[in-house]
Amino acid sequence: MLKLGILGSGAGSNMQSIVDAIGNGELDAEIKIVLADVPDAKILERAKNHGIPCRYLDCAPWKTKLEGAAEEKCIGILKESGVDTVVLAGFMRIVKPKLLAAFPNRVVNIHPALLPAFPGVHSWTQALDYGCKVAGVTVHFVDAGTDSGPIIVQKAVEVLEDDTPETLHARIQIQEHAAYPEALRIIAAGNYAIEGRRVKIAKS
Ligand code: GAR
(Lines give C-alpha, C1' and ligand atoms only; values in the text may rest on other atoms or scores of the structure.)
Protein backbone atom coordinates (compact mmCIF):
# COMPACT_ATOMS: atom_id res chain seq x y z
CA MET A 1 0.00 0.00 0.00
CA LEU A 2 1.33 3.42 -0.97
CA LYS A 3 1.70 5.94 1.81
CA LEU A 4 1.10 9.27 0.15
CA GLY A 5 2.10 12.79 1.12
CA ILE A 6 0.28 15.31 -1.06
CA LEU A 7 1.57 18.84 -1.68
CA GLY A 8 -0.76 21.40 -3.24
CA SER A 9 -1.44 25.10 -3.62
CA GLY A 10 -4.98 25.34 -4.93
CA ALA A 11 -8.37 23.72 -5.33
CA GLY A 12 -7.24 20.16 -4.69
CA SER A 13 -9.37 18.51 -7.37
CA ASN A 14 -6.52 16.11 -8.15
CA MET A 15 -6.24 15.22 -4.47
CA GLN A 16 -9.99 14.59 -4.56
CA SER A 17 -9.58 12.19 -7.49
CA ILE A 18 -7.00 10.26 -5.46
CA VAL A 19 -9.27 10.23 -2.39
CA ASP A 20 -12.11 8.92 -4.59
CA ALA A 21 -9.94 6.24 -6.23
CA ILE A 22 -8.87 4.99 -2.79
CA GLY A 23 -12.50 5.06 -1.60
CA ASN A 24 -13.68 3.08 -4.63
CA GLY A 25 -11.04 0.43 -4.07
CA GLU A 26 -9.29 1.42 -7.32
CA LEU A 27 -6.05 2.49 -5.65
CA ASP A 28 -4.23 0.71 -2.84
CA ALA A 29 -3.01 3.75 -0.96
CA GLU A 30 -3.44 5.85 2.13
CA ILE A 31 -3.03 9.64 2.28
CA LYS A 32 -0.87 10.26 5.33
CA ILE A 33 -0.64 14.04 5.11
CA VAL A 34 -1.64 16.97 2.90
CA LEU A 35 0.52 20.10 2.92
CA ALA A 36 -0.30 23.40 1.22
CA ASP A 37 1.86 26.48 0.78
CA VAL A 38 -1.24 28.75 0.71
CA PRO A 39 -2.97 29.08 4.10
CA ASP A 40 -6.54 29.22 2.77
CA ALA A 41 -6.07 26.77 -0.14
CA LYS A 42 -9.19 24.73 -0.79
CA ILE A 43 -7.08 21.56 -0.82
CA LEU A 44 -6.71 21.93 2.98
CA GLU A 45 -10.46 22.30 3.45
CA ARG A 46 -11.07 19.21 1.30
CA ALA A 47 -8.51 17.23 3.30
CA LYS A 48 -10.14 18.30 6.60
CA ASN A 49 -13.57 17.26 5.27
CA HIS A 50 -12.18 13.78 4.63
CA GLY A 51 -10.46 13.59 8.02
CA ILE A 52 -7.01 13.60 6.39
CA PRO A 53 -4.21 15.21 8.44
CA CYS A 54 -3.25 18.50 6.79
CA ARG A 55 -1.13 21.57 7.45
CA TYR A 56 -0.12 24.89 6.00
CA LEU A 57 3.57 24.96 5.13
CA ASP A 58 5.07 28.44 5.23
CA CYS A 59 7.60 28.52 2.38
CA ALA A 60 8.84 32.10 2.92
CA PRO A 61 11.02 33.80 1.88
CA TRP A 62 10.82 31.93 -1.44
CA LYS A 63 7.92 32.55 -3.81
CA THR A 64 8.44 29.92 -6.50
CA LYS A 65 10.52 27.17 -4.90
CA LEU A 66 10.64 24.91 -1.86
CA GLU A 67 14.07 25.33 -0.35
CA GLY A 68 15.98 25.98 2.87
CA ALA A 69 14.18 25.78 6.21
CA ALA A 70 10.77 25.14 4.61
CA GLU A 71 12.18 22.26 2.59
CA GLU A 72 13.75 20.73 5.72
CA LYS A 73 10.48 21.16 7.59
CA CYS A 74 8.53 19.60 4.73
CA ILE A 75 10.84 16.57 4.59
CA GLY A 76 10.58 16.20 8.38
CA ILE A 77 6.76 16.27 8.32
CA LEU A 78 6.57 13.81 5.41
CA LYS A 79 8.99 11.39 7.12
CA GLU A 80 7.25 11.68 10.51
CA SER A 81 3.95 10.96 8.78
CA GLY A 82 5.34 7.74 7.32
CA VAL A 83 5.13 8.89 3.69
CA ASP A 84 6.85 6.80 1.01
CA THR A 85 5.55 8.62 -2.10
CA VAL A 86 5.28 12.38 -2.54
CA VAL A 87 2.47 13.55 -4.82
CA LEU A 88 2.61 17.08 -6.22
CA ALA A 89 -1.01 17.95 -6.96
CA GLY A 90 -1.14 21.52 -8.21
CA PHE A 91 1.89 22.48 -6.08
CA MET A 92 3.08 25.68 -7.74
CA ARG A 93 6.69 25.56 -6.59
CA ILE A 94 9.86 23.97 -7.89
CA VAL A 95 11.06 21.22 -5.59
CA LYS A 96 14.78 21.00 -5.01
CA PRO A 97 17.36 18.17 -4.77
CA LYS A 98 17.10 17.68 -0.97
CA LEU A 99 13.46 16.61 -1.18
CA LEU A 100 14.18 14.46 -4.23
CA ALA A 101 17.08 12.79 -2.38
CA ALA A 102 14.85 12.11 0.63
CA PHE A 103 12.35 10.25 -1.62
CA PRO A 104 14.42 8.87 -4.52
CA ASN A 105 12.26 8.21 -7.61
CA ARG A 106 9.23 8.66 -5.38
CA VAL A 107 8.19 12.24 -6.10
CA VAL A 108 5.53 12.52 -8.79
CA ASN A 109 3.92 15.51 -10.46
CA ILE A 110 0.95 16.21 -12.69
CA HIS A 111 1.35 18.77 -15.44
CA PRO A 112 -1.47 20.08 -17.65
CA ALA A 113 0.30 19.57 -21.01
CA LEU A 114 1.76 16.85 -23.16
CA LEU A 115 5.35 17.23 -21.99
CA PRO A 116 7.94 18.08 -23.17
CA ALA A 117 5.70 20.71 -24.78
CA PHE A 118 4.73 23.65 -22.61
CA PRO A 119 6.46 23.22 -19.24
CA GLY A 120 5.90 25.95 -16.65
CA VAL A 121 2.67 27.76 -15.87
CA HIS A 122 -0.65 28.16 -17.72
CA SER A 123 0.33 25.39 -20.13
CA TRP A 124 -3.19 25.08 -21.54
CA THR A 125 -3.11 28.77 -22.56
CA GLN A 126 0.31 28.20 -24.13
CA ALA A 127 -1.11 25.27 -26.14
CA LEU A 128 -4.13 27.32 -27.23
CA ASP A 129 -2.02 30.36 -28.20
CA TYR A 130 0.34 28.11 -30.17
CA GLY A 131 -2.58 26.76 -32.18
CA CYS A 132 -2.20 23.15 -31.04
CA LYS A 133 -4.91 20.75 -32.15
CA VAL A 134 -4.17 18.42 -29.25
CA ALA A 135 -3.36 19.30 -25.65
CA GLY A 136 -3.30 17.01 -22.64
CA VAL A 137 -1.86 15.96 -19.33
CA THR A 138 1.31 14.26 -18.13
CA VAL A 139 2.08 12.49 -14.86
CA HIS A 140 5.81 12.08 -14.37
CA PHE A 141 8.50 11.34 -11.83
CA VAL A 142 10.17 14.56 -10.73
CA ASP A 143 13.84 15.09 -11.49
CA ALA A 144 16.15 18.07 -11.00
CA GLY A 145 14.68 19.92 -14.01
CA THR A 146 11.33 21.67 -14.42
CA ASP A 147 8.56 19.33 -15.65
CA SER A 148 11.28 17.16 -17.17
CA GLY A 149 11.26 13.80 -15.38
CA PRO A 150 10.40 10.32 -16.71
CA ILE A 151 6.82 10.08 -17.94
CA ILE A 152 4.43 7.57 -16.33
CA VAL A 153 1.07 8.41 -17.97
CA GLN A 154 -0.09 10.84 -20.65
CA LYS A 155 -3.59 11.57 -21.90
CA ALA A 156 -4.48 13.67 -24.92
CA VAL A 157 -7.31 16.19 -25.12
CA GLU A 158 -8.59 17.56 -28.41
CA VAL A 159 -8.48 21.35 -28.74
CA LEU A 160 -11.82 22.62 -30.08
CA GLU A 161 -12.24 25.61 -32.41
CA ASP A 162 -14.17 27.63 -29.84
CA ASP A 163 -12.06 26.71 -26.80
CA THR A 164 -11.10 29.38 -24.30
CA PRO A 165 -8.32 28.80 -21.75
CA GLU A 166 -11.04 27.98 -19.21
CA THR A 167 -12.93 25.42 -21.32
CA LEU A 168 -9.72 23.70 -22.42
CA HIS A 169 -8.35 23.57 -18.86
CA ALA A 170 -11.67 22.13 -17.64
CA ARG A 171 -11.45 19.25 -20.18
CA ILE A 172 -7.78 18.69 -19.35
CA GLN A 173 -8.72 18.46 -15.67
CA ILE A 174 -11.22 15.68 -16.42
CA GLN A 175 -8.32 13.68 -17.89
CA GLU A 176 -6.06 14.66 -14.97
CA HIS A 177 -8.52 13.05 -12.59
CA ALA A 178 -8.17 9.74 -14.43
CA ALA A 179 -4.42 10.07 -15.07
CA TYR A 180 -3.23 10.59 -11.48
CA PRO A 181 -4.95 7.52 -10.00
CA GLU A 182 -3.75 5.50 -13.03
CA ALA A 183 -0.12 6.56 -12.51
CA LEU A 184 -0.30 5.86 -8.79
CA ARG A 185 -1.77 2.41 -9.51
CA ILE A 186 1.30 1.68 -11.63
CA ILE A 187 3.59 2.76 -8.81
CA ALA A 188 1.57 0.76 -6.26
CA ALA A 189 1.77 -2.36 -8.44
CA GLY A 190 5.54 -1.88 -8.72
CA ASN A 191 5.66 -3.56 -12.13
CA TYR A 192 7.72 -0.85 -13.80
CA ALA A 193 11.36 0.08 -14.27
CA ILE A 194 12.88 3.50 -14.83
CA GLU A 195 15.45 3.10 -17.61
CA GLY A 196 17.06 6.43 -18.39
CA ARG A 197 14.25 8.70 -19.45
CA ARG A 198 11.80 5.87 -19.95
CA VAL A 199 9.39 4.29 -17.51
CA LYS A 200 8.92 0.75 -18.77
CA ILE A 201 5.66 -0.72 -17.53
CA ALA A 202 5.23 -4.49 -17.58
CA LYS A 203 1.90 -5.68 -18.99
CA SER A 204 -0.25 -7.23 -16.30
C1 GAR B 1 -3.93 21.19 -12.29
O2 GAR B 1 -4.46 21.53 -13.54
C3 GAR B 1 -2.47 20.79 -12.40
O4 GAR B 1 -2.21 20.07 -13.57
C5 GAR B 1 -1.80 22.11 -12.40
O6 GAR B 1 -2.49 22.86 -11.43
C7 GAR B 1 -3.84 22.42 -11.38
C8 GAR B 1 -4.19 22.09 -9.94
O9 GAR B 1 -5.55 21.77 -9.81
N10 GAR B 1 -0.42 21.99 -12.08
C11 GAR B 1 0.54 22.73 -12.63
O12 GAR B 1 0.31 23.60 -13.45
C13 GAR B 1 1.93 22.41 -12.16
N14 GAR B 1 2.92 23.05 -12.99
P15 GAR B 1 -6.10 21.13 -8.47
O16 GAR B 1 -5.59 21.97 -7.29
O17 GAR B 1 -7.58 21.23 -8.61
O18 GAR B 1 -5.62 19.71 -8.39
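Points about the pattern of salt bridges
When their charged atoms lie close together, side chains carrying opposite charge are able to pair.
Reasoning step 1: The tally for this structure, following the rule as stated, stands at 8 salt bridges.
Reasoning step 2: Notably, a salt bridge pairs E67 with K65, separated by 2.8 Å at the nearest N-O pair.
Reasoning step 3: The class for E67 is partly exposed, based on a relative accessible area of 24%.
Reasoning step 4: Assessed through its relative accessible area of 24%, K65 is described here as partly exposed.

Points about the nonpolar core
Reasoning step 1: By size, the foremost hydrophobic cluster in this structure holds 45 residues, and its most contacted members are I6, I18, V87, I152, Y180 and L184.
Reasoning step 2: For this core, the leading source of residues is helix 6 (residues 165-189), giving 8 residues.
Reasoning step 3: Setting aside residues up to four positions removed in sequence, I18 forms contacts with L4, I6, L27, I31, V87, Y180 and L184.
Reasoning step 4: Residues L66, L88, F91 and V95 belong to the second largest nonpolar core, which totals 22 residues.

Structural notes on the packing of helix 1 (residues 13-23) against helix 2 (residues 42-49)
For any two helices packed against each other, one specifies the crossing angle of their axes together with the interaxial distance.
Reasoning step 1: Interhelical geometry of helix 1 versus helix 2 gives an angle of 20 degrees and a closest axis separation of 9 Å. Considering their axes alone, helix 1 and helix 2 lie roughly parallel with respect to each other. Two packed elements cross with a definite hand, and for helix 1 against helix 2 that hand is right-handed. In this structure, helix 1 contributes S13, M15 and Q16 to the contact, and helix 2 contributes I43, R46 and A47.

A few points about the pairing of strand 5 (residues 85-88)
Reasoning step 1: Of the two faces of strand 5, the one lined by T85 and V87 and the one lined by V86 and L88 are each fully buried.
Reasoning step 2: As paired strands, strand 1 (residues 2-8) and strand 5 are joined by 4 bridges and run parallel to one another. From the neighbouring strand, L7 faces strand 5, where its bridge partner is L88.
Reasoning step 3: Note: strand 5 against strand 7 (residues 107-111), 3 bridges, orientation parallel. Looking at the pairing, V87 lines up with V108 of strand 7.

Side note on helix 2
Reasoning step 1: Listing the buried residues of helix 2 in full gives I43, L44, R46 and A47. Down the axis, helix 2 shows its buried residues gathered within 160 degrees of arc, on one side only. Of the exposed residues in helix 2, the ones pointing more than 90 degrees away from its buried face are K48 and N49.
Reasoning step 2: Where the residues of helix 2 are buried, they touch strand 1, helix 1, strand 2 (29-36) and strand 3 (54-56).
Reasoning step 3: Two residues or fewer past helix 2, G51 is found with a positive phi of approximately 70 degrees.

What about the state of the cysteines?
Reasoning step 1: The final tally for this structure, using the stated rule, is 0 disulfides.
Reasoning step 2: Looking at C54, it has no disulfide partner, and the nearest cysteine sulfur is the one in C74, 14 Å off.

With respect to helix 3 (residues 68-80)
Reasoning step 1: When the terminal C-alpha atoms of helix 3 are compared, their 18 Å separation across 13 residues agrees well with the 18 Å that a helix rising 1.5 Å per residue should span.
Reasoning step 2: G82, located one to two residues past helix 3, shows a positive phi value of around 80 degrees.

A closer look at the site of the ligand
Reasoning step 1: Around the ligand, the structure places 14 residues, and the nearest of them are G12, S13, N14, H169 and E176.
Reasoning step 2: A distance of 2.9 Å separates an oxygen atom of the ligand from a polar side-chain atom of H169.
Reasoning step 3: Within the contact set of the ligand, an oxygen atom lies 2.8 Å away from a side-chain nitrogen or oxygen of E176.
Reasoning step 4: Among the secondary structure elements, those contributing two or more residues to the shell around the ligand are helix 1, strand 7 and helix 6.
Reasoning step 5: In terms of residues, the shell around the ligand owes the most to one element, helix 6, which gives 3 residues.
Reasoning step 6: Per-class residue counts for the shell around the ligand are 4 nonpolar, 9 polar and 1 charged.

About the criteria used
- Residues numbered from 1 in each chain as written.
- Predicted model: local features only at pLDDT ≥ 70, side-chain atom pairs only at ≥ 80, totals over all residues.
- Heavy atoms only, no water.
- Salt bridge = Lys/Arg side-chain N within 4 Å of Asp/Glu carboxyl O.
- Buried < 20%, exposed > 50% of the residue type's maximum accessible area, 1.4 Å probe, protein only.
- Core = buried A, V, L, I, M, F, W, Y, C linked by side-chain atoms within 4.5 Å.
- Helix = DSSP H or I, 4+ residues; strand = E, 2+ residues; numbered from the N terminus.
- Contact = heavy atoms within 4.5 Å.
- Axes fitted to C-alpha atoms, helices over the stretch in contact; angles between N-to-C directions.
- Parallel < 35°, antiparallel > 145°, perpendicular 65-115°, else oblique.
- Left-handed = near helix turned anticlockwise from the far one by under 90°.
- Pairing = 2+ DSSP bridges.
- Arc of directions from axis to C-beta.
- Disulfide = S-S within 2.5 Å.
- Expected span 1.5 Å × (residues − 1).
- Near = heavy atom within 4 Å.
- Polar contact = N/O pair within 3.5 Å; in protein donor to acceptor, adjacent residues only side chain to side chain.
- Nonpolar A, V, L, I, M, F, W, Y, C, P; charged D, E, K, R; others polar.

It is worth stressing that arrangement in space is one thing and function is another; only the former is reported here.
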